[in-house]
Amino acid sequence: MNHAYVLTLSCPDRRGIVHAVSGFLFEHGGNIEEAAQYNDQGTGLFFMRVQFACTQLTHEELSSQLKTFAEPFQMDWKLHDSAQPMRTVMLVSKEGHCLNDLLFRWKSGLLHLDVRAIISNHREFYQLAASYNIPFHHLPVSAATKTQVEAKQLEIIESEGAELVVLARYMQILSNDLCKKLAGRAINIHHSFLPSFKGAKPYYQAHDRGVKLIGATAHYVTADLDEGPIIEQDVARADHGKTVEDLTAMGRDTESQVLARAVKWHSEHRVVLNGHKTVIFK
């Protein structure tokens, strides 16, 4: 029986890594279907993503062999079963454009996800969740209850075995502790006006300044607010004739598309962390 895998790795660069990896896979019955690599000249690190099929070994057996193989190279590696959709939990507040877009793409077969739950501090989208047959957890947040609510959120995330947490316009700042526990598996989306237009009504501020670009950024969540490793960004051009409503609609469209691409690449194991940056094997 063919097993489909994705291997991602990073290590100090040296001669012969590609040859060694391909040789290892060949020796263990692997057939490479897609491969990409990148050498970061600034850090001296090597990154690689290999998609392959294997008939001889199970995931556990292959992982055991990889551990021995990777040690001399000082490799940081992960082996993924690419046939399994990524278990995902989504968080949302009152703005549902990103959530609605992701759910539609998922149901249309465009995102390789297994959406296990939706968590919100408001009730607005319980019917949307029900229409997709997804459990909906309403957890109101206040300064007094933040610690207890985050504990419940983490309980849901862990009980669902979530490999990915998507903040689809979840308008609460996560604590440093929760950010650390979700490191590398939580993706956030925000408009790209930061740090210029902070606080409430950023599109009103942008309109007042006559901006000519509307943008969005998807990044991994870290304790540094909105400063995690960037996965994807995009912009749309604006002109003097655009109203606040026009800018807001353009921004929502851009946010939805940028977040969808980031989620897709993460779910396909195409994103490898490179310090405070990312390497994206598209």
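Up top is the structure these notes are about.
All chains use their own residue numbering, which begins from 1 and follows the written sequence. Reporting in this predicted model follows two pLDDT cut-offs: at least 70 for local features of residues, and 80 or more for side-chain atom pairs to be given and counted; totals over whole chains, interfaces and linings ignore these cut-offs and use all residues. The side-chain values count all of the structure's non-hydrogen atoms but skip hydrogen atoms and water molecules.

(A) A look at the pairing of strand β6 (residues 113-120). For each residue, the accessible area found with a 1.4 Å probe, counting protein chains only, is set against the maximum for its type, and the residue is called buried under 20%, exposed over 50%, and partly exposed in between. Labels follow the DSSP assignment, with helices taken as runs of H or I lasting at least four residues and strands as runs of E lasting at least two, numbered in each case from the N terminus. Burial of β6 is extensive: six of the eight residues sit out of reach of the surface. Bridge count between strand β5 (residues 86-92) and β6: seven bridges; the pairing is parallel. Pairing of R87 across the sheet is with D114, part of β6. By definition, the crossover connecting two strands over a helix is right-handed if that path, from the first strand to the second, turns clockwise as seen with the strands pointing away from the viewer. Since β5 and β6 lie parallel, the crossover through helix α3 (residues 97-107) that links them has a hand, and here it is right-handed. Pairing between strands is defined by DSSP: at least two bridges between them are needed. Looking at chain direction, β6 and strand β7 (residues 136-138) are connected through three bridges and run parallel. When the sheet's bridge partners are listed, I118 is paired in β7 with F136. On the question of chirality, the crossover connecting β6 to the parallel β7 by way of helix α4 (residues 126-131) is right-handed.

(B) Expanded view of the packing of aromatic side chains. When the centres of two rings from Phe, Tyr and Trp lie within 6.5 Å, Trp using its six-membered ring, the rings pair. Their planes under 30 degrees apart give stacked, over 60 give edge-to-face, and anything left gives tilted. Counted under the stated rule, the structure contains five aromatic pairs. Seen in terms of ring centroids, Y5 and F52 are 5.5 Å apart; in terms of plane orientation they differ by 35 degrees. Their pairing is tilted. Here F52 lies in strand β3 (residues 45-54) and Y5 lies in strand β1 (residues 3-12), a separation of 47 residues in the sequence. Here Y5 matches F52 in class, with each residue buried. On the numbers, 6.3 Å between centres and 25 degrees between planes, the contact of Y38 with F47 is stacked. On the basis of relative accessibility, which here comes to 36%, the residue Y38 falls in the partly exposed class. Put simply, the rings of F24, F69 and F73 pair up and form one aromatic cluster. A cation sits over an aromatic face here: K107 above W106, 4.9 Å from the ring centre. Counted as over-ring charges are cases with an Arg CZ or a Lys NZ within 6 Å of the ring centre that also lie within 35 degrees of the ring normal.

(C) Structural detail: empty space enclosed by the protein. As defined here, a cavity is a set of points on a 1 Å grid over the protein atoms alone where a 1.4 Å probe fits but cannot get out. A pocket is an open set with protein on both sides within 12 Å along at least five of seven lines, and residues line them when an atom is within 4 Å of a point. Grid points are joined across faces, edges and corners, and a volume is the space filled by probe spheres set on the points. Throughout the structure, instances matching the rule amount to one cavity of 30 Å³ or more. Taken as a whole, the largest cavity spans an internal volume of roughly 40 Å³. In terms of lining residues, the largest cavity is bounded by V141, K146, V149, E150, Q153, Y170, Q172, I173 and L174. Under the scheme applied here, ten amino acids are nonpolar (Ala, Val, Leu, Ile, Met, Phe, Trp, Tyr, Cys and Pro), four are charged (Asp, Glu, Lys and Arg), and all others, including Gly, are polar. For the lining of the largest cavity, the residue count by class is five nonpolar, two polar and two charged.

(D) Expanded view of the sheet that holds strand β10 (residues 213-220). In space, the seven strands of this open sheet follow the order β7-β6-β5-β8-β9-β10-β11, with mixed pairing throughout. In this open sheet, the two edge strands, each paired with only one partner strand, are β7 and β11 (230-237). Between one strand axis and the next, the sheet turns through 20 degrees on average, direction left out of account. Pairing analysis gives three bridges linking strand β8 (residues 164-167) to strand β9 (residues 186-191), with the strands arranged parallel. Note that in β9 the partner of L167 across the bridge is N188. Running at roughly 150 degrees to β11, helix α8 (residues 244-267) makes contact with β5, β6, β8, β9, β10 and β11 of the sheet. A fitted line through C-alpha atoms serves as each axis, taken over the contacting stretch for helices, and the angle formed by two N-to-C directions is quoted from 0 to 180°. The contact rule is simple, with two residues in contact once any of their heavy atoms fall within 4.5 Å.

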